[in-house]
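The primary structure of each chain is shown beneath.
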Amino acid sequence: MIVHREIEDWQKHRRNEEAGGAWSAGFVPTLGGLHAGHGSLIARSRQENPATVVSVFLNPAQFDQQADLDQYPAELEKDLAQLDAWGVDHVLLPTAEAMYPDDYRYRVTENDVSRRFCGAHRPGHFDGVLTVVLKLLNLVRPRRAYFGEKDWQQLSLVRDMASAFFLDLEIVACPVVREESGLALSSRNARLDARQRALAPELLRSLRTESTPEAAARRLQSLGFEVDYVADHDGRRLAAARLGEVRLIDNISLDAAPNGPGKESAHAS
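Since we're looking at a predicted model, the values are computed, not measured.

S.K.: Explanation requested: the side chain of Asn189 in the structure shown.
M.R.: Structurally, the position occupied by Asn189 is in the loop between strand E6 (170-174) and helix H9 (194-199). Setting aside chain neighbours within four positions, we find Asn189 in contact with Glu179, Leu183, Ala184, Arg197 and Leu248.

As C-alpha cells, this is what we get:
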C-alpha cells in the first residue's frame, strides 16, 4: 500500500500510470473512522478493478457544526493499518489547505434535493460533500467510485452530479452494512452510550413496521428520539433522528415498508 500525503506527488504517480496505459482504478472516498461498511465498499472495488484508491480526508466543508467535526471519531494510524489489511493499493491523505487553496470560494451547489431532508437540517452540508467529491474524482480519475446506500440522499446527489458534469466514470451503490441488531454501521455509533445503543435499532424497526412516515416519526418520538424527518422519496423511506448528540440516518426500500410503494409523503420537525 502506497500512502500519498501530497497532492502533487499523487498526480505525478497517476500521470505516470496513465502514460503507460495501465490506469484503471476503483475509488472509495472516506472521512476516516473506518468500519466494516467501508470495508465492504473496498472489497467490491477490489473485485471489480485492478487497483483500489481510498482517500481519508475529514472534510471540514461538510460539517455544519464545529462540535460535530471536533468529535468525529477518526484515528489515522488505526485507519491506515486497516486499509493495509483490506488490501488497498493507494491512500490519499490530503490536507484541508491543499484541498481548498481557494479557501472554499468555489463550490458545487445543487438547488433542489440538497435543500430537503438532511439538507434542510444541515445547511451547506451537501455543498461541502459535492465539492469535495468532485475535487477527489478529478484527482483520482477512477473508472468506478463506490458509495454506500446508507447515505441515500448523498448517493443520489453524487450520481446526479456525475451525470450533470459528464464525468466519465460509474457511481456504484453498495448495500447498507448493519450490526446484528439492525443498526446501520456508522463512525458516529462509537459515540452512543449503552442506553442509546440499545435503543438505536428502533430507527430501522420503525421504518419497517409503520405504515406511513408520520406513524414512524410518532413511534420514534415516543421512544425518545428527536426526529429530524421521516419521508418517502425516490422509492425509499428516509429518516434522520437524534439520540442525545448523535445523529443517526437510515433508509429502506419502500418495497419493504408495510404499505409498499406509494406517493411521496413526509414528516419533518
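S.K.: Just to check I follow, could you spell out the packing of aromatic side chains for this structure?
M.R.: The description of two aromatic rings rests on the distance between their centres and on the angle between their planes. Taken as a whole, this structure holds five aromatic pairs when the rule is applied. Ring centres of Trp10 and Trp23 lie 5.7 Å apart, and the angle between their planes is 65°; on these two criteria the pair is classed as edge-to-face. Of this pair, Trp10 sits in helix H1 (residues 7-19) while Trp23 sits in the loop between H1 and strand E2 (25-30); the two residues are 13 residues apart in sequence, bridging distant segments of the chain. Trp10 gets classed as buried once you look at its relative accessible area, which sits at 1%. Ring geometry for Phe117 against Tyr229: centres 5.7 Å apart, planes inclined by 45°, an arrangement best described as tilted. One end of the pair, Phe117, is in the loop between helix H5 (96-99) and helix H6 (118-121); the other, Tyr229, is in strand E7 (residues 226-233), with 112 residues separating them in the sequence.

S.K.: Would you mind showing me how to read the pattern of salt bridges here?
M.R.: Opposite charge on two side chains permits them to pair, given that their charged atoms come into close proximity. For the coordinates displayed, the defined rule picks out 18 salt bridges. Salt-bridge contacts for Asp68 lead to Arg188; the nearest nitrogen and oxygen are separated by 3.1 Å. Taken as a pair, Asp68 in helix H3 (residues 66-70) and Arg188 in the loop between E6 and H9 lie far apart in primary sequence, 120 residues in all. Comparing Asp68 with Arg188 shows no difference in burial state: the two are buried. Two residues, Asp228 and Arg247, come together in a salt bridge whose shortest N-O distance is 2.8 Å. Taken as a pair, Asp228 in strand E7 and Arg247 in strand E9 (residues 246-253) lie far apart in primary sequence, 19 residues in all. Where salt bridges share partners, they join Asp64, Asp68, Arg122, Arg188 and Arg191 into one cluster.

Criteria and cut-off values
Residue numbers run consecutively from 1 along every chain, following the written order of its sequence. In keeping with the model being predicted, local features are shown solely for residues with a pLDDT of at least 70 and side-chain atom pairs are shown and tallied solely at 80 or more, while totals for entire chains, interfaces and linings include all residues. Side-chain numbers come from the whole structure's heavy atoms, not from hydrogens or water. Going along the chain from the N terminus, every DSSP run of H or I of four or more residues is numbered as a helix, and every run of E of two or more is numbered as a strand. Throughout, a contact is declared for two residues whenever any of their heavy atoms are within 4.5 Å. Geometry of aromatic contacts follows a simple scheme: Phe, Tyr and Trp rings, the Trp one being its six-membered ring, pair when their centres are within 6.5 Å, and the pair is stacked under 30 degrees between planes, edge-to-face over 60, tilted otherwise. Whether a residue is buried, partly exposed or exposed follows from its accessible area with a 1.4 Å probe, protein chains only, as a fraction of its type maximum: under 20%, in between, or over 50%, in that order. Salt bridges are identified by distance alone: a Lys or Arg side-chain nitrogen within 4 Å of an Asp or Glu carboxyl oxygen.

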